[in-house]
Amino acid sequence: MPEHVVASEVLTKREIDLLRRALLEWGGPARCSDQLAVGMGFAGARDLLDQCRRLRDELSNDAPLNAADWARTLLAAEIVFVSDLAGSGVEWPTTTGLSDETTIGMLRSVRRKPATTVSPFYGRRPSE
């Protein structure tokens, strides 16, 4: 898979919508510390919010994402879905309208599709 990948080339519309919704959660019920944001590959919590907005727009516009952006998007989606301490956690179904079962199934599918693109970041902080 090339370094820059357009979401519609690898994901279904539903999967893209899930990622967009997950990124939106960071501006709502989720509470990210600067340390966690840095661990996810952002400069800090403020940058996470700014970049989530940008990434949502790029997913909407079917713009190509580079490998680091794919890794940050996937990691941010996984954490916001699962974590009660930093993300939406148990509130996910209430705030998104998506059940846990539906979400976990889609996330598992989404993880596999850009795997080659994000593989350089396995066990590493996503960065340019």
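This section reports on the structure supplied with the text. (Residues numbered from 1 in each chain as written. Predicted model: local features only at pLDDT ≥ 70, side-chain atom pairs only at ≥ 80, totals over all residues. Heavy atoms only, no water.)

Remarks on the overall build of the protein chain
1) Next: Along the protein chain, the regular secondary structure elements total eight helices and two strands.
2) Next: Along the chain direction, N to C, the helices and strands of the protein chain fall in the order β-α-α-α-α-β-α-α-α-α.
3) Next: Here the protein chain holds 128 residues, and the buried ones make up 45% of them.
4) Next: Long-range contacts, defined as pairs at least 24 residues apart, comprise 69% of the intrachain contacts of the protein chain with a sequence gap of at least 6.
5) Next: Here the protein chain has roughly 6300 Å² of accessible surface; of this, 54% comes from carbon and sulfur atoms. (Helix = DSSP H or I, 4+ residues; strand = E, 2+ residues; numbered from the N terminus. Buried < 20%, exposed > 50% of the residue type's maximum accessible area, 1.4 Å probe, protein only. Contact = heavy atoms within 4.5 Å. Areas by Shrake-Rupley, 256 points an atom, 1.4 Å probe, with all protein chains shown as cover.)

As for helix α2 (residues 13–25)
1) Next: Between the first and last C-alpha of α2 there are 19 Å, a value that for 13 residues agrees with the 18 Å anticipated at 1.5 Å per step.
2) Next: Contact partners of the buried residues in α2: α1 (7–10), α4 (45–60), α5 (67–82), α6 (92–96) and α7 (100–112). (Expected span 1.5 Å × (residues − 1).)

Some points on the environment of Arg-108
1) Next: Checked against the element boundaries, Arg-108 lands in helix α7.
2) Next: Separated by 30 residues in the primary sequence, Arg-108 and Glu-78 have C-alpha atoms spaced 9.7 Å apart.

Some thoughts on the environment of Arg-21
1) Next: By secondary structure assignment, the location of Arg-21 is in helix α2.
2) Next: Between the C-alpha atoms of Arg-21 and Ala-77, which are 56 residues apart in sequence, the distance is 8.6 Å.
3) Next: With near-sequence residues (within four places) excluded, Arg-21 lies in contact with Thr-95 and Thr-96.
4) Next: One polar contact links the side chain of Arg-21 to the main-chain carbonyl oxygen of Thr-95, over a distance of 2.3 Å. (Polar contact = N/O pair within 3.5 Å; in protein donor to acceptor, adjacent residues only side chain to side chain.)

Points about the packing of aromatic side chains
1) Next: Applying the stated criterion to the full structure yields one aromatic pair.
2) Next: Ring geometry for Phe-81 and Trp-92: centres 5.4 Å apart, planes at 80 degrees, overall edge-to-face. Here Phe-81, found in helix α5, pairs with Trp-92, found in helix α6; they are eleven residues apart in sequence, far enough to count as distant. For the pair Phe-81 and Trp-92, a shared accessibility class is recorded, and that class is buried.
3) Next: The ring of Phe-42 carries Arg-72 above its face, with NZ or CZ at 6.0 Å from the centroid. (Phe/Tyr/Trp six-rings, centres within 6.5 Å; stacked < 30°, edge-to-face > 60°. Lys NZ or Arg CZ within 6 Å of the ring centre and 35° of its normal.)

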